[in-house]
Amino acid sequence: MTEKDASSEKIISDAMADPSPAKSMGDPGITPLSPSHTQQNDTDQVPSGPSFVVVVAIDFGTTSSGYAYAFAKEPECIHTMRRWEGGDPGVSNQKTPTTILLTPDRKFHSFGYAARDFYHDLDPSESKHWLYLEKFKMKLHTTANLSINTDLHAANGKRVKALDIFAYALAFFKEQALKELSDQTGGEFDNSDVRWVITVPAIWKMPAKQFMREAAYKSGLVSRENPEQLIIALEPEAASIYCRKLRLHQMVDLGTQTTQNGFSPSDNVGSGMSQASPAKEHVRRNRQSRTFLVENVIGELWSELEEGDRYVVVDCGGGTVDLTVHQIRLPEGHLKELYKASGGPYGSIGIDYEFEKLLCKIFGQDFIDQFKIKRPAAWVDLMIAFESRKRAAAPDRTNPLNINLPFSFIDYYKKFRGHSVEHALRKSNVDFVKWSSQGMLRMNPDAMNSLFKPTIDHIIQHLTELFEKPEVSDIKFLFLVGGFAESPLLQQAVQNMLQGRSRIIIPHDVGLTILKGAVLFGLDPSVIKVRRSPLTYGVGVLNRFVEGKHPPEKLLVKDGTRWCTDVFDTFIAADQSVALGEMVKRSYTPAKPSQQVIVIHVYCSEKENASFISEPGVRKCGTLRLDVSGTESTAARREIQTLMQFGDTEIRAMAVDVSTGRTVKASIDFLSH
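From a predicted model like this one, the values you see are computed outputs, not experimental measurements. (Residues numbered from 1 in each chain as written. Predicted model: local features only at pLDDT ≥ 70, side-chain atom pairs only at ≥ 80, totals over all residues. Heavy atoms only, no water.)

Attention now goes to the packing of helix α11 (residues 349-363) against helix α13 (residues 376-390). One way to put it is that α11 packs onto α13 with a least axis distance of 11 Å and a crossing angle of 120°. As the angle between them shows, α11 and α13 are arranged oblique. Note that α11 runs across α13; the crossing there is right-handed. Contacts between α11 and α13 involve Ile 351, Asp 352, Phe 355, Glu 356 and Leu 359 from the first element and Trp 379, Leu 382, Met 383, Phe 386, Glu 387 and Lys 390 from the second. Classifying every residue of the contact of α11 with α13 by side-chain character gives seven nonpolar, no polar and four charged. (Axes fitted to C-alpha atoms, helices over the stretch in contact; angles between N-to-C directions. Helix = DSSP H or I, 4+ residues; strand = E, 2+ residues; numbered from the N terminus. Parallel < 35°, antiparallel > 145°, perpendicular 65-115°, else oblique. Left-handed = near helix turned anticlockwise from the far one by under 90°. Contact = heavy atoms within 4.5 Å. Nonpolar A, V, L, I, M, F, W, Y, C, P; charged D, E, K, R; others polar.)

Structure representation (structure tokens):
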């Protein structure tokens, strides 16, 4: 069909110029002028951004965060940051807790261990005026209509703008990293020489990814004028990029009972890490220098990967669990996604919530709610004490776990209820938690394991469903990564579920896997060549009404022509493969020659095919803005050709005025305003 026929077949109108009468969804009726899916594969000509001297990756986690970097000229040397001051006993402190403290007048004070320790040392009368936040990243996943104005609650119950908090945190990492780079290079290091990478869960929707980018602009990490200086990396993808380069001395294979790295897999992975053995000495010496060598030599694991091999990465973090299925293309080791990313909010903080529920059961919800607001610092202390015991939970543990109750908990409970904590424990019918005379809660191992159960059950259910998908057969390896992957309870559950179908590999420094992979991704973002779209995206258009095909209630007659309204014009379908750099092309025309801006609503759905934007499950998720001012031309019909790119970690749009060949400013916005 020629362009001319196309234009006589379809019309376009826009809300700003000529509202079409049949707006069941209050949406401009938009029709594409060009034939549907013209996709071009520009895989080879992905524009390479400006050159940069160093890549700095920030792993902004729910429970802990960190950064790492590598210089472009030494890509195999990944530097992870120095040990953070004030770490907890028994917890590796190469990452710092994702906690932030603002002064009573809402200025940034500190981040990480420093924030936690300072807050903890404040007098209770003072601390209630300070704003302390932790585990706030999950808000971006759980908020349905995320916007620039979304709020967070500090420990004292006061509200703060989420964007400010995320921007403060990124500014903190920017300052830390630039300071370290200046120390390394012996001169003032210029931010424009850095390519920044921020990691986010793969299951995050576009608004959350865009929110992170907005926070980066606000923090001064990068400027709006130079967006390509920041790359958003997906956590399990980063882990995958790193895992395919692992060598045997850098991992534990749960399947084989052979000793690797001087300890047998049946030992607790966490404890095994600390017992140095001769085999580990070279790794350990290297670790003191905080530089990790990612060997480009073909490692032993690599040599087992053959063309077309498939593996699953299970990224178990603090907030979310992300599952990604990749296939390897040799010899370059490019990756292809075989099934859209899946997962859910099943991170290790689920165990903290279970513990909180247990405390509510014993001491009463009313007391716990009050205690958190009135003694926020003591509540933080209690959760830190729980955290270290949580890490000691193991399937074969027989001795009880003791959790210190802060003195102010015991004291405040007596004031609140008029009887002792001990009395509450005796009175509650929770028989597996006892009071020990040293002022501790004594939990038997079964009690602790039951706190893990709901979260681990979710993960196992998800894995089971994933392995039933036809695309997910013949999986050679399952990489277990993220901080929660260190849990022996989770490791055992995954082993029991797989029954030997795939080899389970756990990298050492499992909590840093994503960070190191994110650096590698920043050095070469084109390593992942094919992704799967998580959702179906499209716009609402008017099409010629076809009797028998279109429902009568969608009929609109305009100037004697019969149109069908609300037709869903699909740009890309859920779980469709998209190559890097592949474009979806559409043409739009302004309704009036004088029109300055075309605004087009973008819809999405979890279903693979949608016929109308009014169907259940289809929702408005963003807007595409074409700024056509300054491109007026004498042509009778202005045609704006829009190109959308879906193969990357973020969706991008660009546009061109066909008659003049001039670029039109195009932007796609997913944050609700």
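It is worth spelling out the environment of His 153 at this point. Residue placement: His 153 occurs in strand β9 (residues 151-153). On the accessibility criterion, His 153 (48% relative accessible area) is partly exposed. A sequence separation of 20 residues divides His 153 from Leu 133, and the C-alpha atoms of the two residues are 7.4 Å apart. Every residue in contact with His 153, bar those within four places of it in the chain, is listed here: Leu 133, Lys 158 and Arg 159. Engagement of the side chain of His 153 in a polar contact is seen with the backbone oxygen of Gly 157, the distance being 3.5 Å. (Buried < 20%, exposed > 50% of the residue type's maximum accessible area, 1.4 Å probe, protein only. Polar contact = N/O pair within 3.5 Å; in protein donor to acceptor, adjacent residues only side chain to side chain.)

Turning our eyes to something else, we now look at the sheet that holds strand β7 (residues 108-111). Pairing is antiparallel in the open sheet, where three strands are placed in the order β7-β6-β8. Looking at the sheet topology across the chains shown, the edges are occupied by β7 and β8 (131-134). Direction aside, neighbouring strands of the sheet carry axes that sit 20° apart on average. Pairing of strand β6 (residues 99-102) with β7 involves three bridges; the strand directions are antiparallel. If you follow Leu 101 over to β7, its bridge partner there is Ser 110. (Pairing = 2+ DSSP bridges.)

Here we take up the pattern of salt bridges. Here the idea is simple: oppositely charged side chains can pair when their charged atoms come close. A complete count under the given rule lists 28 salt bridges for this structure. Measuring nitrogen to oxygen at the nearest pair gives 3.0 Å for the salt bridge that ties Asp 352 to Lys 135. Here the residue Asp 352 occupies a position in helix α11, and Lys 135 occupies one in the loop between β8 and α4 (138-142), the gap between them amounting to 217 residues. Take Asp 352: its relative accessible area is 5%, and that puts it in the buried class. The class for Lys 135 is partly exposed, based on a relative accessible area of 24%. Glu 235 is the partner of Lys 137 in a salt bridge, and the nearest nitrogen-oxygen pair spans 2.9 Å. Of this pair, Lys 137 sits in the loop between β8 and α4 while Glu 235 is found in helix α7 (residues 235-243), placing the two residues 98 residues apart along the sequence. For the pair Lys 137 and Glu 235, one class covers both residues: buried. Within the structure, one salt-bridge network assembled from shared partners comprises Lys 135, Asp 352, Glu 387, Lys 390, Arg 391 and Glu 486. (Salt bridge = Lys/Arg side-chain N within 4 Å of Asp/Glu carboxyl O.)

Next up on the list: the pairing of strand β17 (residues 334-344). For a regular strand, the rule is simple: side chains alternate between the two faces of the sheet. Among the 11 residues that make up β17, eight are buried, leaving the element largely enclosed by the rest of the structure. A loop of four residues connects strand β16 (residues 321-329) with β17, the two strands running antiparallel in sequence, and Gly 333 in this loop sits at a positive phi of about 80°. Judged from the two bridges that link them, β17 and strand β23 (residues 528-532) form a sheet pairing that is parallel. The residue of β23 that forms the bridge with Leu 335 is Ile 528.

Examined bridge by bridge, strand β18 (residues 401-404) and strand β20 (residues 440-443) share four bridges and lie antiparallel to one another. Across the sheet, the residue bridging to Asn 402 is Arg 442, located in β20. One ladder, built from four bridges, connects strand β19 (residues 433-436) with β20; its direction is antiparallel. For Trp 435, the partnering residue across the bridge sits in β20 and is Leu 441. The loop that links β19 with its antiparallel partner β20 comprises three residues; one of these, Gly 439, has a positive phi angle of about 80°.

With that settled, consider the environment of Gln 229. Mapping Gln 229 onto the fold places it in the loop between α6 (206-219) and β12 (230-234). In this structure Gln 229 comes out as buried when scored by relative accessible area, which is 10%. Each C-alpha atom, one on Gln 229 and one on Arg 195, is 5.1 Å from the other, the two residues being 34 residues apart in sequence. Contacts of Gln 229, omitting those with residues within four sequence positions, involve Asn 191, Ser 192, Val 194, Arg 195, Trp 196, Leu 221 and Val 222. A distance of 2.8 Å separates a polar side-chain atom of Gln 229 from the backbone oxygen of Asn 191.

Before going further, it helps to examine the nonpolar core. In terms of nonpolar packing, the biggest core is built from 100 residues, with Phe 363, Leu 478 and Phe 479 touching the most fellow members. Tallying contributions element by element places helix α16 (residues 445-467) first for this core, with 10 residues. With residues near it in sequence (within four places) discarded, Leu 478 still touches Val 312, Val 314, Leu 463, Phe 467, Val 494, Leu 498, Ser 502, Arg 503, Ile 504 and Ile 505. (Core = buried A, V, L, I, M, F, W, Y, C linked by side-chain atoms within 4.5 Å.)

Spatial strand order, β18-β20-β19: three strands in an open sheet with antiparallel pairing. The two strands at the open ends of the sheet, each matched to only one other strand, are β18 and β19. The mean inter-strand angle of the sheet, taken between neighbouring strand axes irrespective of direction, is 30°. Set on the sheet, α16 makes contact with β18 and β20; between it and β20 the angle comes to about 85°.

Another point: the side chain of Thr 513. With respect to the helices and strands, Thr 513 occurs in helix α18 (residues 513-523). Thr 513 sits in the buried class, given a relative accessible area of 0%. With sequence-adjacent residues up to four places away left out, Thr 513 is seen in contact with Ala 239, Tyr 242, Cys 243, Val 481, Pro 507 and His 508.

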